[in-house]
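Survey of secondary and tertiary structure
Listed below are the residues making up each chain.
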Amino acid sequence: MRVFEIQPGGSTPYHTHPYAHEALILHGAGVVRQEDSERAFREGDVVSIAPYEPHSFVNNTGEILKFLCMNYVIAEVGGRLTSEEHTGYLERTLNVHCRRPP
């Protein structure tokens, strides 16, 4: 479980991974871009992403977007990752800032 913050006009890279996750929107609004669609979300919404589904969270507003990301299975070829290893993986490969909720 991690908290993501995306600055106004920013986004996560368009990416995919082998696990499902949900994002609870804590503050702000934006859209999630997927292979053939774009879905709007706002504070209080839950966004579900299926395994291997290409996606990007986009902050198309003038305020910070903050969401809590919950992964169901953290796996990579060769075995499972610890939470700390997964955080490092996200920060290195997606160039995003992750932090644990208080």
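The text that follows walks through the structure, step by step, so that each part is easy to find. Small disclaimer: the values here were computed from a predicted structure and weren't measured.

A few words on the overall build of the protein. On a plain count of helices and strands, the protein comes out with 1 helix and 10 strands. Order of helices (α) and strands (β) in the protein, N terminus to C terminus: β-β-β-β-β-β-β-β-β-α-β. By the burial criterion, 39% of the 102 residues in the protein qualify as buried. A separation of at least 24 residues holds for 69% of the contacts in the protein among residues at least 6 apart in sequence.

Here we take up the nonpolar core. One broad rule of soluble globular proteins: the nonpolar side chains tend to lie buried together. Core analysis: the largest hydrophobic core is formed by 12 residues, namely Phe 4, Ile 6, Ala 23, Ile 25, Val 32, Phe 41, Val 47, Ile 49, Phe 57, Leu 65, Phe 67 and Cys 69. Those elements that place two or more of their residues in this core are strand E1 (2–6), strand E2 (21–27), strand E5 (46–49) and strand E7 (65–71). In contact with Phe 57, other than residues within four places in its own chain, are Ile 6, Gly 10, Ser 11, Thr 12, His 21, Ala 23, Val 31, Val 32, Phe 41, Val 47, Ile 49 and Phe 67.

With that settled, the discussion passes to the side chain of Thr 12. Position of Thr 12 relative to the elements: it lies in the loop between E1 and E2. There is a polar contact of 2.9 Å between the side chain of Thr 12 and the backbone nitrogen of Phe 57.

Inspection of the secondary structure assignment puts Gln 34 in strand E3 (residues 29–34). Judged by its relative accessible area of 10%, Gln 34 falls in the buried class. Taking the C-alpha atoms as reference, Gln 34 lies 9.2 Å from Phe 57; in sequence the two are 23 residues apart. Residue contacts for Gln 34: discarding those within four places in its chain leaves Tyr 14, Arg 39, Ile 49, Glu 53, Pro 54 and His 55.

This part is about the pattern of salt bridges. Counted by the stated rule, this structure contains 2 salt bridges. Put simply, Glu 5 and Lys 66 hold a salt bridge, and the shortest N to O gap is 3.5 Å. Taken as a pair, Glu 5 in strand E1 and Lys 66 in strand E7 lie far apart in primary sequence, 61 residues in all. On the accessibility criterion, Glu 5 (34% relative accessible area) is partly exposed. Its salt-bridge partner being Glu 38, residue Arg 33 comes within 3.0 Å of it at the nearest N-O pair.

Once that is clear, we can look at the environment of Arg 2. Secondary-structure assignment places Arg 2 in strand E1. Assessed through its relative accessible area of 2%, Arg 2 is described here as buried.

Burial of strand E6 (residues 55–58) is two-sided: the residues His 55 and Phe 57 facing one way and the residues Ser 56 and Val 58 facing the other way are all buried. In the sheet, E3 pairs with E6 via 4 bridges, with the strands oriented antiparallel. Counterpart to Val 31 in the pairing with E6 is Val 58.

Scoring rules and cut-offs
- Residues numbered from 1 in each chain as written.
- Predicted model: local features only at pLDDT ≥ 70, side-chain atom pairs only at ≥ 80, totals over all residues.
- Heavy atoms only, no water.
- Helix = DSSP H or I, 4+ residues; strand = E, 2+ residues; numbered from the N terminus.
- Buried < 20%, exposed > 50% of the residue type's maximum accessible area, 1.4 Å probe, protein only.
- Contact = heavy atoms within 4.5 Å.
- Core = buried A, V, L, I, M, F, W, Y, C linked by side-chain atoms within 4.5 Å.
- Polar contact = N/O pair within 3.5 Å; in protein donor to acceptor, adjacent residues only side chain to side chain.
- Salt bridge = Lys/Arg side-chain N within 4 Å of Asp/Glu carboxyl O.
- Pairing = 2+ DSSP bridges.

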